[in-house]
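Close look at the chain arrangement
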Amino acid sequence: MWFRNVRVFRFTKPFDISAEALEEKLQADAFKPCGPQETSRQGWVPPLGKHGEQLVHSAGGYHLIALRKEEKILPGPVVKEAVEERAEAIELEQSRKVRRKEKDEIKEQVMLEMLPQAFSKNRRCFAYLAPQDGVLVVDAGSSKQAEDLASTLRKSLGSLPVRPPALEQAPAFTFTGWLNESIDLPATITLGNECELKDPSEDGGVVRCKGLDLKADEIRNHLDAGMQVTRLALTWDENVSFVLDEEFGIRRLKFGETIQEQLDDVDVDDAVAKFDTAFTIMTLELAKLIPGLLEAMGGEDRSAIIEE
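Quick look at the structure, then. (Residues numbered from 1 in each chain as written. Predicted model: local features only at pLDDT ≥ 70, side-chain atom pairs only at ≥ 80, totals over all residues. Heavy atoms only, no water.)

1. Notes on the overall build of the protein chain
A count of helical and extended segments in the protein chain gives 8 helices and 12 strands. For 308 residues, the compact-globule estimate of 2.2 N^0.38 gives 19 Å, and the C-alpha radius of gyration of the protein chain, at 24 Å, exceeds that figure by more than 25%. In terms of its C-alpha atoms, the protein chain occupies a principal-axis envelope of roughly 75 × 55 × 40 Å. Per-residue burial over the protein chain gives 42% buried out of 308 residues. By sequence separation, contacts in the protein chain at least 24 residues apart represent 69% of the contacts at least 6 residues apart. If you sum the accessible surface of the protein chain, you get close to 16,900 Å²; carbon and sulfur atoms cover 47% of it. Between the centroid of the 39 positive side chains of the protein chain and the centroid of its 55 negative side chains there is a distance of 7 Å. (Helix = DSSP H or I, 4+ residues; strand = E, 2+ residues; numbered from the N terminus. Rg over C-alpha atoms; globule rule 2.2 N^0.38 Å. Buried < 20%, exposed > 50% of the residue type's maximum accessible area, 1.4 Å probe, protein only. Contact = heavy atoms within 4.5 Å. Areas by Shrake-Rupley, 256 points an atom, 1.4 Å probe, with all protein chains shown as cover. Lys, Arg positive; Asp, Glu negative; His and termini not counted. Charge placed at Lys NZ, Arg CZ, Asp CG, Glu CD.)

Shown next as structure tokens:
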């Protein structure tokens with residue numbers, strides 16, 4: 001159980017919920033497969049997959065949940081071909097032109113007929129609630145996917161007072177400062193070999209660098225030309241490597257050997273016990289990484305957060 005990406009939401013006021021209460025709320029929106037005429041459906045599923053039945057897996061006060069989305073796949077070219085064939089048949093039989101509005105109606109009918117035989121694409125998105133840390137953490141590669149999960153969770157709970165963390169200074173400002181050395185790089189952070197630079201002008205270009213020394217003259221020249229760093233590969237405390245973007249999105253999260261060894265040292269053959277151990281190790285590590293990164297990025301604006 002290792003997240004590959006991290007999108008963080010901050011609770012804007014004190015929030016707590018027991019595993020039992022959360023389970024009850026999610027059961028009302030448990031996943032059900034698409035019906036014959038449905039193009040998509042989503043709902044909550046057991047995080048443990050076939051190894052569990054509960055919709056909430058809790059450990060150390062952290063509540064892990066999983067949202068499953070099923071989408072029916074109808075290849076565009078196949079639908080288009082069927083629509084054209086039917087439109088041509090109508091034109092030949094009735095000696096008239098089939099207009100766009102009628103073609104749209106034909107398309108809807110074709111899709112309804114094809115849906116029951118369509119293949120399904122399934123995707124699971126994991127997240128955990130950490131009330132004691134004041135965050136919701138989502139394993140999502142994009143802000144939209146994370147927002148979709150948060151929105152669905154809000155619907156299931158009736159209320160979910162969260163928002164992305166508000167930083168005191170723009171991440172691009174901090175990233176750029178680290179590379180041009182106008183801002184000291186924290187001792188807990190090591191630069192990787194990948195970054196993205198953008199020209200802030202309206203029609204500015206983008207430069208993506210990979211496998212380079214980020215302190216090299218090539219990078220410095222782009223910075224001197226006014227480009228800003230919007231994505232940066234980092235290693236935290238020599239244990240966790242990732243790429244951090246200007247939305248405070250953590251991508252390609254990879255835990256180091258030291259953390260992996262902690263799991264290897266646990267002598268368990270049971271899949272559930274191993275899952276639980278990995279989840280505990282991961283959440284404890286992210287409980288240090290997330291606030292540490294927020295502080296390293298210049299601090300969090302908590303003026304709109306209601307404290308206890």
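2. Points about the packing of aromatic side chains
Tallied over the full model, the rule gives 6 aromatic pairs. Ring centres of Tyr 128 and Phe 279 lie 5.9 Å apart, and the angle between their planes is 80°; this geometry places the pair in the edge-to-face category. Of this pair, Tyr 128 sits in strand β5 (residues 119–130) while Phe 279 sits in helix α8 (residues 271–296); the two residues are 151 residues apart in sequence, bridging distant segments of the chain. The class for Tyr 128 is buried, based on a relative accessible area of 2%. A relative accessible area of 0% places Phe 279 in the buried class. Taken together, the aromatic side chains of Phe 3, Tyr 62, Tyr 128 and Phe 279 make up a single cluster linked through ring pairs. (Phe/Tyr/Trp six-rings, centres within 6.5 Å; stacked < 30°, edge-to-face > 60°.)

3. A word on the side chain of Glu 70
The residue Glu 70 is located in strand β4 (residues 62–73) in this model. Summary of buried charges: Glu 70 has no salt-bridge partner, and the nearest side chain of opposite charge, Arg 68, is 5.2 Å away. Of the polar contacts made by the side chain of Glu 70, one reaches the side chain of Ser 120; its length is 2.7 Å. Those residues in contact with Glu 70, other than ones at most four positions away along the chain, are Phe 31, Pro 33, Cys 34, Thr 39, Ser 40, Arg 41, Ser 120, Lys 121 and Asn 122. (Salt bridge = Lys/Arg side-chain N within 4 Å of Asp/Glu carboxyl O. Polar contact = N/O pair within 3.5 Å; in protein donor to acceptor, adjacent residues only side chain to side chain.)

4. Re the nonpolar core
In this structure, Tyr 128, Phe 242, Leu 253 and Leu 286 are the most contacted members of the largest nonpolar core, which totals 52 residues. Of all the elements, α8 adds the most residues to this core, at 11 residues. By size, the runner-up hydrophobic cluster in this structure holds 24 residues, among which are Leu 22, Ala 127, Ala 140 and Leu 157. (Core = buried A, V, L, I, M, F, W, Y, C linked by side-chain atoms within 4.5 Å.)

5. Here's the deal with the sheet that holds strand β9 (residues 206–210)
Strand order across the open sheet formed by 5 strands is β9-β8-β10-β11-β12, with antiparallel pairing between neighbours. The open sheet has two edge strands, β9 and β12 (250–255), and neither has a second partner. For this sheet, the mean angle separating the axes of adjacent strands, direction not counted, is 15°. As judged from the 4 bridges shared by strand β11 (residues 240–245) and β12, these two strands associate in the antiparallel manner. (Pairing = 2+ DSSP bridges. Axes fitted to C-alpha atoms, helices over the stretch in contact; angles between N-to-C directions.)

6. Quick look at the pattern of salt bridges
For the coordinates displayed, the defined rule picks out 18 salt bridges. Two residues, Arg 302 and Glu 307, come together in a salt bridge whose shortest N-O distance is 3.1 Å. A relative accessible area of 35% means that Arg 302 is categorised as partly exposed. Within the structure, one salt-bridge network assembled from shared partners comprises Arg 7, Asp 245, Glu 247 and Arg 251.

7. Let's talk about the pairing of strand β1 (residues 7–11)
Most of β1 is tucked away, with 5 of its 5 residues classed as buried. Alternating residues of β1 divide into Arg 7, Phe 9 and Phe 11 and Val 8 and Arg 10, and every residue in both groups is buried. Where β1 meets strand β6 (residues 135–138), 4 bridges bridge the pair, whose relative direction is antiparallel. When the sheet's bridge partners are listed, Arg 10 is paired in β6 with Val 135. The pairing of β1 with strand β7 (residues 162–163) spans 2 bridges and is classified as antiparallel. Across the sheet, Arg 10 pairs through a bridge with Arg 163, a residue of β7.

8. Focus: the packing of helix α5 (residues 171–180) against helix α6 (residues 217–224)
At a minimum axis separation of 10 Å, α5 and α6 run at an interaxial angle of 130°. Between α5 and α6, the angle falls in the class oblique. In this structure, α5 crosses over α6, and the sense of that crossing is left-handed. Residues Thr 176, Leu 179 and Asn 180 of α5 form the contact with α6, whose participating residues are Ile 219, Arg 220 and Leu 223. Partitioned by chemical class, the residues of the contact of α5 with α6 number 3 nonpolar, 2 polar and 1 charged. (Parallel < 35°, antiparallel > 145°, perpendicular 65-115°, else oblique. Left-handed = near helix turned anticlockwise from the far one by under 90°. Nonpolar A, V, L, I, M, F, W, Y, C, P; charged D, E, K, R; others polar.)

9. Brief notes about the environment of Arg 252
Assignment of secondary structure puts Arg 252 in strand β12. Judged by relative accessible area, Arg 252 falls into the partly exposed class, the value being 48%. Sequence separation between Arg 252 and Ala 233 is 19 residues; the distance between their C-alpha atoms is 9.4 Å. If near-sequence neighbours (up to four positions away) are discounted, Arg 252 is found in contact with Arg 4, Asn 5, Glu 194, Ser 241, Phe 242 and Val 243.

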